[in-house]
Amino acid sequence: GAAINGLKNRWEEGLKARQAVLEASKKQSASRAWAWDPDLPPPLPARGALHPLNRLMDRLVEVFRPLGYHVEEGPEAETEAHNFDGLNIPEDHPARGSADTFYFAGQKGRLLRTHTSPVQVRVLKRLAANIQETGGIRFLSPGRVYRKDEIDPTHSPMFHQVEGMLVGRGIGMQHLKGTLAHAMKALFGPGADVRFRPSYFPFVEPGCEVDVRCPLCGGSGCRVCKGSGWVEILGAGLLHPNVLSYAGLDPQTWSGFAFGMGVERTAMMVSLTPDLRLFFELGQRFLKAMGGL
Ligand code: DAH
């Protein structure tokens, strides 16, 4: 017992002595840290920057501006009439169901827009009145959209789209293809591998989808392209006569094309990011690394 107590006392003394040394050196280094050295560069404040998704949308606007497109905006809280009816989407279409769409409780026909296409309906209705004088309509509309999707590497209940539309006389598939091919080259570079594939959307006829060769795997198949080697980034087509008529335009005289691009998908392809959640988690290191986007 005596031996153990002796050991304990020696330990305690040793500990106290060491503590005193540490306290002293802590005080000393604290006073050194406060010393002012006029030769040191000043600490730089962290600079804010645009979010990479906003930068990509700005870039798209700049690709289309020289082609005569201006920017239009529509509300995120929309009506069923603009989001579905004006786009020739039938009453019983599954996208209208409450499993896919966020409806406002207690407000009939009010919802969070599921795509940027309702901006087409608003702009067409507004600009149809003097289309004789203007000769046509061209606009781009970037914005947020909402769907009841589970969060995973390629889905989020809130995401972004850029809608585009052109109305004029004698507009056909060749104009759509030329315009979108130009935009894809501007985004992905002149060697971009892009394909147009027939598809169906109620508001266009004919309709198509535009895929890019998956830059993440080079086309050999990965999680992001679901093994197919291609990623769909755009829906497009020639305006359905019902969409033109709904807005008060005569489909015998006027024709046009429209497209809707998924911004996150495109950003993932441009920046080789395999998980869209990174865009929303706002990690400083990720956002800094995105400087080039
Ligand atoms: N609104 C469609 C979607 O969210 C995309 C789209 C397809 C937009 C065809 C268009 C179009 O303007 O013509 O999936």
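Owing to the predicted nature of the structure, the values given are computational and were not obtained by experimental measurement.

A. Quick peek at the environment of phenylalanine 203. Along the chain, the position of phenylalanine 203 falls in the loop between strand 6 (194–199) and strand 7 (204–213). The sequence separation of phenylalanine 203 and leucine 56 amounts to 147 residues, and the corresponding C-alpha distance is 26 Å.

B. Molecular detail of the side chain of histidine 115. With respect to the helices, strands and loops of the structure, histidine 115 is situated in the loop between strand 3 (110–112) and helix 4 (118–127). A distance of 3.1 Å separates a polar side-chain atom of histidine 115 from the backbone oxygen of asparagine 83. Excluding anything up to four places from it in sequence, histidine 115 contacts Asn83, Leu87, Ile89, Val145, Arg147, Gln161 and Phe203.

C. Spotlight on the environment of glycine 168. Residue position: glycine 168 is located in strand 5 (residues 158–168). The sequence separation of glycine 168 and phenylalanine 188 amounts to 20 residues, and the corresponding C-alpha distance is 28 Å. Leaving out residues up to four positions away in the same chain, glycine 168 has contacts with Gly135, Thr253, Trp254 and Ser255.

D. Molecular detail of the site of the ligand. Inspection of the region around the ligand gives 15 residues, with His115, Gln120, Arg147, Gln161 and Glu163 positioned closest. In the environment of the ligand, an oxygen atom lies 2.8 Å from a nitrogen or oxygen atom belonging to the side chain of arginine 147. A distance of 2.6 Å separates an oxygen atom of the ligand from a polar atom in the side chain of glutamate 163. For the ligand, whose accessible area on its own is 360 Å², the fraction buried by protein is 90%. Judged by the proximity of its atoms to the pocket grid, the ligand belongs to the largest pocket. Contributing elements (two or more residues each) for the shell around the ligand: strand 5, strand 8 (230–239) and strand 9 (255–262).

Each value, and the rule that gives it
Residues numbered from 1 in each chain as written. Predicted model: local features only at pLDDT ≥ 70, side-chain atom pairs only at ≥ 80, totals over all residues. Heavy atoms only, no water. Helix = DSSP H or I, 4+ residues; strand = E, 2+ residues; numbered from the N terminus. Polar contact = N/O pair within 3.5 Å; in protein donor to acceptor, adjacent residues only side chain to side chain. Contact = heavy atoms within 4.5 Å. Near = heavy atom within 4 Å. Areas by Shrake-Rupley, 256 points an atom, 1.4 Å probe, with all protein chains shown as cover. 1 Å grid on protein atoms, 1.4 Å probe; cavity = no way out; pocket = protein on both sides within 12 Å on 5 of 7 lines; lining within 4 Å. Sits in = over half its atoms within 2 Å of the grid points.

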